[in-house]
Amino acid sequence: MVTEVIKIDRDHPDMSAFEKAGRILKEGGLVAFPTETVYGLGADALDEEASRKIYEAKGRPSDNPLIVHIARMEDLEKIVKKVPEEAVKLAQRYWPGPMTLIMEKSECVPYGTTGGLDTVAVRMPSDPVARELILQGGGYVAAPSANTSGRPSPTTARHVYEDMEGKIPLILDGGPVEIGLESTIVDLTERIPTILRPGYITLEMVREVLGEVQMDKGLISSDSSVRPKAPGMKYRHYAPKADLKIVEGPMEKVIAYINEKASEKERPGIICTEETRSRYLYGDVKCIGSRTDENAIASHLFAILREFDEDGVDAIYSESFESPGLGQAIMNRLLKAAGHQRVDVSQKV
Ligand code: TXA
Ligand code: MG
């Protein structure tokens, strides 16, 4: 299959590109498209056979459910049993935007889309390209991130092309995405609303609207027998080919430790910030942004992990990026990429 890439001019969008994409979706095919979080790999969510193609193209385990994307609030009713009051409140505040809600599914959503679950994940993205595509495609577009399963999520059309060339007919190229981390997932089927995946919409932001909200214990527990509830969160993810370790502690000790380790490797990779860049002496040093700009750190993370694969480094050391807002989402992705390997250098002399 030849994979066509159509550039979308955001100021003067060519409607024929959307019509073409919409036709492919309605005929049961796949189209990759930008959203404000990451690029998605779309199919008609109500067509079981179309959803199956997504799993095939990504090499994704079939028990890992897809998110259904909508563009209009009135379309929600059809795919859920009942619209919970919490969903209305959260949607008023954060939709369209980087938030996914889990609710009981209605009959018309096939199990092939929900990974066999009786619940469905729904999101209304804010990117106008995504919204137009959803409307042209019939209103319900199932879309996981458009990467091969296990690789970092794509934040540019080129990342999508790397993973999907020859497997899908069309990629809409809307340029680099805005946020760079996948949406926050809020499960509304538990007695206490629960965050299953941290993202741009933080726990505090959800609490502001709903009051009592909890983090999924599987996300924060150091006990690995406590499994995360979102099936996708249990898989190794975002993993670069080289071994990645996160180094934590006072900054001077972190820099000294990374320099020492890097000097012992043939082709080390380092993830640092603008503030520390000039301090690293060896290897492939990549600057993720300023420590004071967590939006920049979020938007560069996945691209940097992909670059290390291209560069063929043999070990990667990263500084840690705790920060008040997005820090939880950034560290969640980075820890998964590192297979949870962290080194605490605070006691080292
Ligand atoms: O920002 C995003 O959410 C992007 C863009 C394309 O919208 N999509 C995305 O999809 O990240 P994906 O498939 O890569 O991640 C979806 C996550 C998985 O961890 C999956 O297990 C979880 O959502 N999920 C989906 N449906 C669920 C359900 N019914 N119950 C629990 N978790 C669910
Ligand atoms: Mg994904």
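Notes on the structure follow. Just so we're clear, the structure is a prediction, and the values are computed from it rather than from any experiment.

## Looking at the site of ligand 1
Then, number 1: The environment of ligand 1 is made up of 26 residues, and the closest members are Thr 37, Asn 64, His 69, Ser 183 and Gly 232.
Then, number 2: Within the contact set of ligand 1, an oxygen atom lies 2.9 Å away from a side-chain nitrogen or oxygen of Arg 60.
Then, number 3: In the complex, 97% of the free accessible area of ligand 1, which totals 680 Å², lies under the protein chains.
Then, number 4: At the level of secondary structure, the elements contributing two or more residues to the shell around ligand 1 comprise strand 4 (67–69), strand 6 (119–123) and strand 10 (194–197).
Then, number 5: Looking at the shell around ligand 1 element by element, the count peaks at three residues for strand 6.
Then, number 6: Partitioning the shell around ligand 1 into residue classes produces 14 nonpolar, eight polar and four charged.

## Notes on unusual backbone geometry
Then, number 1: That bond from Trp 95 to Pro 96 is cis: its omega, -10°, falls within 30 degrees of zero.
Then, number 2: Within the fold, Pro 96 resides in the loop between helix 4 (85–94) and strand 5 (99–104).
Then, number 3: A positive phi angle, near 65°, is found at His 340, a position not held by glycine.
Then, number 4: On the basis of relative accessibility, which here comes to 53%, the residue His 340 falls in the exposed class.

## Section: the packing of aromatic side chains
Then, number 1: Tallied over the full model, the rule gives one aromatic pair.
Then, number 2: With centroids separated by 4.8 Å and ring planes inclined at 25°, the aromatic side chains of Tyr 238 and Phe 302 adopt a geometry described as stacked. Residue Tyr 238 is found in the loop between helix 9 (217–220) and strand 12 (243–248), and its partner Phe 302 is found in helix 11 (residues 294–311); the two are separated by 64 residues along the sequence.
Then, number 3: Take Tyr 238: its relative accessible area is 1%, and that puts it in the buried class.
Then, number 4: When its relative accessible area of 0% is taken as the criterion, Phe 302 is described as buried.
Then, number 5: It is Lys 105 that lies over the ring of Tyr 111; its NZ or CZ is 4.3 Å from the centre.

Conventions used here
- Residues numbered from 1 in each chain as written.
- Chains lettered and ligands numbered in written order.
- Predicted model: local features only at pLDDT ≥ 70, side-chain atom pairs only at ≥ 80, totals over all residues.
- Heavy atoms only, no water.
- Near = heavy atom within 4 Å.
- Polar contact = N/O pair within 3.5 Å; in protein donor to acceptor, adjacent residues only side chain to side chain.
- Areas by Shrake-Rupley, 256 points an atom, 1.4 Å probe, with all protein chains shown as cover.
- Helix = DSSP H or I, 4+ residues; strand = E, 2+ residues; numbered from the N terminus.
- Nonpolar A, V, L, I, M, F, W, Y, C, P; charged D, E, K, R; others polar.
- Buried < 20%, exposed > 50% of the residue type's maximum accessible area, 1.4 Å probe, protein only.
- Phe/Tyr/Trp six-rings, centres within 6.5 Å; stacked < 30°, edge-to-face > 60°.
- Lys NZ or Arg CZ within 6 Å of the ring centre and 35° of its normal.

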